[in-house]
Amino acid sequence: MQSLEMALLKGRALVGLAVFLLLNLVQVYGRIPTTLEGPFKPVTVDLDKSFRGNAIDLPDTDHRVQKNVVGFEPEQISVSLSSDYDSAWISWITGEFQIGDNIKPLNPKTVKSFLYYGKSNLFLNHKIKGDSLIYNQLYPFEGLQNYTSGIIHHVRLTGLEPNTEYYYRCGDPSIPAMSDIYQFRTMPASGPKNYPSRIAVVGDLGLTYNTTSTVSHLISNQPDLVLLVGDVCYANLYLTNGTGADCYACSFPDTPIHETYQPRWDYWGRFMQPLVSKVPLMVVEGNHEIEEQVGNRTFAAYSSRFAFPSKESGSLSTFYFSFNAGGIHFIMLGAYIAYNKSADQYKWLKRDLAKVDRKVTPWLVATWHPPWYSTYVAHYREAECMRVEMEEILYKYGVDIVFNGHVHAYERSNRVYNYTLDPCGPVYIAVGDGGNREKMAIKHADEPGNCPDPSTTPDSYMGGFCAYNFTSGPAAGKFCWDRQPDYSAYRESSFGHGILEVKNETHALWTWHRNQDMYNEAGDQIYIVRQPERCPVEPKVSSSVEF
């Protein structure tokens, strides 16, 4: 009798398990399309003219951007990842920035960079010291105000356990000037069964009222990691006196140099602290981070304010690096530094790709700022030279997904390679719709009268001209298609962000959320499915092999 009861219990358990699996299969595959069903017929969602958002920058009087600590207490606290789960970076700023004619840079040595951390907020039993720096934004022209930052601190934690909550406190106890206690969670260990639950992806964020809506929606999705694919705070839409405009070149055409108002960086760091002091933020540079100054120096704020796993991933630059998040290997590439095959970046990329073991990190995701596959008039085929140089190697090593920003709209591609539908090509997703004050991109290059003159498309900073007429396919002999291109699966002009949920070695759920929708609604959603048996990739190369 006892054995019968046990058998019934086991049977019920098996039935329950079967029902559970069936319900999950229905939930996963019942209503959400997969890339296996593609390529999809191109879709354009009509512009919702009733929703324009509020693309107005937060003023310096807004409490969310004002300094709320005293003296040399830490502010603008953030977490970023190192190359693997066992290490992470904590960054913060102390002291006051200065802007004006007679600035006097702070001495970084006067404030120490200590971090106390542990697995309990009652027992921060580890102590580590980091490095500090300041940066200046200087203009050699009369009437322009110079800027010097507060003291920026970066501390790298090592020996961390995977998928573990750590508590930390930073500052200089000798002053004393210490922060409150914060916490963050490390990434899962690298492996084919381990993935962060949710990764938020956003681009061209800025610091507008639209930005606040985007970030609020993003936080509601409880991400474990945030990717910002360039264009951070848009300080370069301002003169050094704090006067801003939606279009710098339109409003300030006669300035002797492209000015910036660097305090916008500090405002942005304060606004973002409630999120990025708990959730790791990984950033790659965009064109709005160029910020030219005296001596032709560029990207000073970007390279100083954020911590990057450059050294850990074998890179010598803050413009390109890589890291693992569970079973995902992320490659962050620089569009505003040399990318040709003889350049250091390309050589690094080749080495990094060759070391990827797809049995450990099945998913390979790449990000950079300007998209290769965008059908909007804004920035149309602007990064074509980068595509010509780098697309082949990314395809060869089987990159699964590419995230870009730059174009202030949303667009997802079918799987594509060299402008041709290809079941083994990456899915390209542009999310440059974070909310900045430059407004949305609306016009499409394939609509009548919208195709730009090819000579106007190259980016002057990136240089080169590679955007020639198409030589094959429906647009052969033309610079633009006369309809939405086959490689463009879905496009829409709305502000928002995306969430990537990798479920296993082959399936990842991508969801794009629009700001005008409720928090749990999806504007676009699809399962991106890997087919390693159909799309073989270059095998891992032994570390002893020289490139």
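This write-up is about the structure you can find in this document.

Rules used in this analysis
- Residues numbered from 1 in each chain as written.
- Predicted model: local features only at pLDDT ≥ 70, side-chain atom pairs only at ≥ 80, totals over all residues.
- Heavy atoms only, no water.
- Buried < 20%, exposed > 50% of the residue type's maximum accessible area, 1.4 Å probe, protein only.
- Helix = DSSP H or I, 4+ residues; strand = E, 2+ residues; numbered from the N terminus.
- Pairing = 2+ DSSP bridges.
- Salt bridge = Lys/Arg side-chain N within 4 Å of Asp/Glu carboxyl O.

1. Things to note about the pairing of strand β10 (residues 151–158)
Burial runs high along β10: six of the eight residues are buried. Pairing of strand β3 (residues 87–94) with β10 involves eight bridges; the strand directions are antiparallel. Bridging across to β10, Ile90 finds its partner in Val155. One ladder, built from three bridges, connects strand β7 (residues 131–133) with β10; its direction is antiparallel. Considered in β10, the bridge of Leu133 is made with Ile152.

2. Observations concerning unusual backbone geometry
Along the chain, Gly38 connects to Pro39 via a cis peptide bond; the corresponding omega equals 5°. The topology assignment puts Pro39 in the loop between α1 (2–29) and β1 (43–44). Going from Ile175 to Pro176, the amide bond is cis rather than trans, its omega being -5°. Checked against the element boundaries, Pro176 lands in the loop between β11 (165–172) and β12 (177–178).

3. A few points about the pattern of salt bridges
On inspection of all chains with the given rule, the structure shows 25 salt bridges. Among the salt bridges present, the one from Asp400 reaches Arg358, with a minimum N-O distance of 3.0 Å. Remark: Arg358 occurs in the loop between α6 (344–355) and β19 (363–367) and Asp400 occurs in the loop between α7 (384–396) and β20 (401–404); sequence separation between them is 42 residues. What makes Asp400 buried here is its relative accessible area of 6%. Measuring nitrogen to oxygen at the nearest pair gives 2.9 Å for the salt bridge that ties Arg387 to Glu384. Here the residue Arg387 and the residue Glu384 both occupy positions in helix α7, the gap between them amounting to three residues, near one helical turn. Glu384 matches Arg387 in its accessibility class, with the two residues each being buried. Several salt bridges share partner residues, and in doing so they unite Asp57, Asp246, Arg264, Arg437 and Lys439 into one network.

4. Brief notes about the pairing of strand β24 (residues 427–431)
Of all five residues in β24, five are buried; the element is thus mostly enclosed. Where burial is concerned, the two faces of β24 agree: the one with Val427, Ile429 and Val431 and the one with Tyr428 and Ala430 are both buried. Sheet topology note: the β20/β24 ladder contains four bridges and is parallel. Bridging across to β24, Ile401 finds its partner in Val427. In terms of strand pairing, strand β21 (residues 410–413) meets β24 through three bridges, oriented antiparallel. Note on β24: the bridge partner recorded for Tyr410 is Val431.

Scope: geometric values only; no functional claims are made or implied.
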